[in-house]
Amino acid sequence: MKRPRPVSVITLKAGAPSNAKSYPYPRRTPVLSLDFDTTSVLITTSFTDRVTKADVAFARELAAETAAFAASIEQMFRAASEEARG
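What you see is a predicted model, and the numbers here were worked out from it, not measured in a lab. (Residues numbered from 1 in each chain as written. Predicted model: local features only at pLDDT ≥ 70, side-chain atom pairs only at ≥ 80, totals over all residues. Heavy atoms only, no water.)

1. Looking at the overall build of the chain
Here comes step 1: Check the secondary structure of the chain and you find one helix and three strands.
Here comes step 2: Taken from the N to the C terminus, the helices and strands of the chain come in the order β-β-β-α.
Here comes step 3: For 86 residues, the compact-globule formula gives about 12 Å, and the C-alpha radius of gyration of the chain, at 16 Å, lies well above that figure.
Here comes step 4: For the chain, the C-alpha atoms occupy an extent of roughly 55 × 35 × 25 Å along the three principal directions.
Here comes step 5: Residues counted as buried form 7% of the 86 residues belonging to the chain.
Here comes step 6: By element, 60% of the accessible surface of the chain is carried by carbon and sulfur atoms, the whole surface being about 8000 Å².
Here comes step 7: Positive and negative charge centroids in the chain, built from 12 and 9 side chains respectively, lie 7 Å apart. (Helix = DSSP H or I, 4+ residues; strand = E, 2+ residues; numbered from the N terminus. Rg over C-alpha atoms; globule rule 2.2 N^0.38 Å. Buried < 20%, exposed > 50% of the residue type's maximum accessible area, 1.4 Å probe, protein only. Areas by Shrake-Rupley, 256 points an atom, 1.4 Å probe, with all protein chains shown as cover. Lys, Arg positive; Asp, Glu negative; His and termini not counted. Charge placed at Lys NZ, Arg CZ, Asp CG, Glu CD.)

2. Thoughts on the pattern of salt bridges
Here comes step 1: Going through the model one piece at a time under the given rule, you end up with one salt bridge.
Here comes step 2: The residue glutamate 74 makes a salt bridge to arginine 78 at a minimum N-O spacing of 2.6 Å. Residue glutamate 74 and its partner arginine 78 are both found in helix H1 (residues 53–85); the two are separated by four residues, about one turn of the helix.
Here comes step 3: Here glutamate 74 falls in the partly exposed class, since its relative accessible area comes to 40%. (Salt bridge = Lys/Arg side-chain N within 4 Å of Asp/Glu carboxyl O.)

3. A short note on the pairing of strand E2 (residues 31–36)
Here comes step 1: As defined by bridge partners, strand E1 (residues 19–23) adjoins E2 across five bridges and the pair is classed as antiparallel. Residue pairing across strands places tyrosine 23 opposite valine 31, the latter belonging to E2.
Here comes step 2: Strand direction decides the pairing type here: E2 and strand E3 (residues 39–43), joined by five bridges, are antiparallel. Looking at the pairing, aspartate 35 lines up with serine 40 of E3.
Here comes step 3: Taking the residues between adjacent antiparallel strands as the criterion, E2 and E3 are bridged by two residues, where aspartate 37 takes a positive phi near 55°. (Pairing = 2+ DSSP bridges.)

4. Some remarks on H1
Here comes step 1: Here H1 spans 48 Å end to end across 33 residues, near enough to the 48 Å set by a 1.5 Å rise per residue.
Here comes step 2: Looking one or two places after H1, you find glycine 86, whose phi comes out positive at around 90°. (Expected span 1.5 Å × (residues − 1).)

5. Topic: the sheet that holds E2
Here comes step 1: Taking strand neighbours across the sheet as the criterion, the three strands line up as E1-E2-E3 in an open arrangement whose pairing is antiparallel. Two strands lie at the open edges of the sheet, namely E1 and E3, each paired on one side alone. Each strand axis lies, on average, 15° off the axis of its neighbour in the sheet, ignoring direction. (Axes fitted to C-alpha atoms, helices over the stretch in contact; angles between N-to-C directions.)

Shown next as structure tokens:
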């Protein structure tokens, strides 16, 4: 599969009002909400009333890559904390 080239980078500062939340709905596809202060990003599938095999694959890939992202952030945080302690 050809990988799309990134056209932009979104940098959102995580702070006290930042959060990520999944909203399941009984009769439509779920929504993943990423809130950063006054900016909100909503992620859902292209169809609001059905889920395809591709949607499932994307959701699993998103979860795996998000876990890897979190591990990298945590590793950087720990390294910076150890460096600060001397």
